[in-house]
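# Commentary on secondary and tertiary structure
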Amino acid sequence: MNERDSYREPVTHRIPRGIVAEATARTMFTLTRHPPAPELAEFVEYHWILRWDRRGKPPYEQRVLPNLSVHVTFFPGASGVHGPARDVFSHRLTGRVQGLGVRFRPGTFRAFLGGPVRDIADRAVPLTGVFGPAASAAAESVQNAGGDAQMVGAIDNLLIANPVRLSPAARAAAEAVEQIARDPGITRVAQLCADTGLTTRSIQRVFAEHVGLPPKWAIRIYRLNDAAQRIVTEGQLDYAGLAVRLGYSDQSHFIRDFRTVTGQSPAEYARTARVPEREPDSHRT
C-alpha cells in the first residue's frame, strides 16, 4: 500500500482504518485518498482508490478492521453500499483491478439512504437500490477512467446529482461520533451523554437511526482500532498497561473485546501485523 499525500485529514480526530497486516499490504496494492467536491464535504470523509495487479501471482486475502463508516464501492464484481460493520471485512485480490470507494462521515448517510442506517448495518446493498440507474454508469466510468481525477469526478457527480441535507438529528449523531473521535478518554456511553447533552435514550435512538450501530459499540471500535495501531507501532507492549490506558477495568476484558472485533488475541495480531509475507519465488516479477 503506497499511500500518497494527495489528502491529509485533520489531526483533531481519529479515523479508524485498520488495515490488517499493513506491512504485507504495502506490497500487494496501492492506495490513494482524495478529498470530495466542496459540496460533499460535510458528508464524505474522503474517496479511496485501490489498484492491484495479481496476474501470475496467487490471490491475496486482505482484512480490514470494522469501523462506523458507510462505504460505497465501485469495483468489478464488488460494487455496493456497505453499512457500518461489527466484523472484520475481508476481500480476495485477484487479477488486475482498479476501483474507488467513498468513505462517508458516520451519521450522515441516512440522507442518501432514505431510511435508518441500522437497516444496512453488517451488510451490503446494491448501488442502484440507493442511487438509481445512474450508479451503473458511474461504476463504468470508474473502470474506464485514465486517472484518479476522472474516477473521483465521476463519483462526485453521482452524489451531487441529487442534493441532500442533514437533519438536526443527523448532525447530532455525526457530532457525537466526532466527540468520540476527538476524545480517547470517552470509554462509556454516560461520558458521551455528558459531553453531548443527550440523554441515554436519545443517543441510542439517533445512533440507531443515523450511525447504524449502538454508541457502546462505536466507542469500542475506536478503542480497539487505537489498540491495534499501538500493537503494530510500539513494539513489545505491556498488555495490562495498554488495557488501563484504553480505559478497561482489567487485561482479560480488553483481550476479550480485542478478539471479538479482530478475531485474534493481541499477541496473535502483533505477529501477523508486523511481519511482511513473502511472495513465492516462482511468482516474483
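Summing up its helical and strand segments, the protein has 12 helices and eight strands in all. In terms of overall dimensions, the protein is globule-like: its C-alpha atoms have a radius of gyration of 19 Å, near the 19 Å expected for 285 residues. The dimensions of the protein, computed from C-alpha atoms along their principal axes, are 50 × 50 × 30 Å. Residue burial in the protein is summarised as follows: out of 285 residues, 51% are buried. The long-range share in the protein, meaning contacts at least 24 apart out of those at least 6 apart in sequence, stands at 72%. Taken as a whole, the protein presents about 13400 Å² of accessible surface, with 51% of it coming from carbon and sulfur. Here the protein contributes 36 positively and 29 negatively charged side chains, and the mean placements of these two sets differ by 2 Å.

So, about the side chain of arginine 103. With respect to the secondary-structure elements, arginine 103 resides in strand β7 (residues 96-104). By relative accessible area, arginine 103 is classed as buried at 3%. Reaching out from arginine 103, the side chain makes a polar contact with the side chain of serine 69 at a distance of 3.1 Å.

For the rest of this paragraph, the subject is helix α11 (residues 251-262). Taking 1.5 Å of rise per residue, 12 residues should cover 16 Å, and α11 covers 16 Å from first to last C-alpha, within 8% of that figure. Along α11, the residues classified as buried are Phe254, Asp257, Phe258, Val261 and Thr262. Angularly, the buried residues of α11 cover 110 degrees about the axis, an arc narrow enough to put them on a single face. Immediately beyond the C-terminal end of α11, within one or two residues, lies glycine 263, with a positive phi of roughly 80 degrees.

It is worth spelling out the confidence of the model for the protein at this point. Of the residues in the protein, 90% reach a pLDDT of 70 or more, and the chain-wide mean stands at 88. For the stretch residues 277-285, pLDDT sits under 50, and the model shows 13 contacts to residues farther than four places along the chain or on other chains.

Throughout the structure, instances matching the rule amount to 11 salt bridges. Arginine 171 is the salt-bridge partner of glutamate 42, the closest N and O atoms lying 3.2 Å from each other. Here arginine 171 lies in helix α6 (residues 168-182) and glutamate 42 lies in the loop between β1 (30-34) and β2 (44-53), a separation of 129 residues in the sequence. By relative accessible area, glutamate 42 is classed as partly exposed at 31%. With a shortest N-O distance of 2.7 Å, arginine 51 and aspartate 148 are connected by a salt bridge. Here aspartate 148 lies in helix α5 (residues 148-160) and arginine 51 lies in strand β2, a separation of 97 residues in the sequence. Looking at aspartate 148, the relative accessible area reads 14%, which means it is buried. If you follow the salt bridges from partner to partner, you end up with Arg110, Arg118 and Glu209 in one network.

Calculation rules
- Residues numbered from 1 in each chain as written.
- Predicted model: local features only at pLDDT ≥ 70, side-chain atom pairs only at ≥ 80, totals over all residues.
- Heavy atoms only, no water.
- Helix = DSSP H or I, 4+ residues; strand = E, 2+ residues; numbered from the N terminus.
- Rg over C-alpha atoms; globule rule 2.2 N^0.38 Å.
- Buried < 20%, exposed > 50% of the residue type's maximum accessible area, 1.4 Å probe, protein only.
- Contact = heavy atoms within 4.5 Å.
- Areas by Shrake-Rupley, 256 points an atom, 1.4 Å probe, with all protein chains shown as cover.
- Lys, Arg positive; Asp, Glu negative; His and termini not counted.
- Charge placed at Lys NZ, Arg CZ, Asp CG, Glu CD.
- Polar contact = N/O pair within 3.5 Å; in protein donor to acceptor, adjacent residues only side chain to side chain.
- Expected span 1.5 Å × (residues − 1).
- Arc of directions from axis to C-beta.
- pLDDT = per-residue confidence, 0-100.
- Salt bridge = Lys/Arg side-chain N within 4 Å of Asp/Glu carboxyl O.

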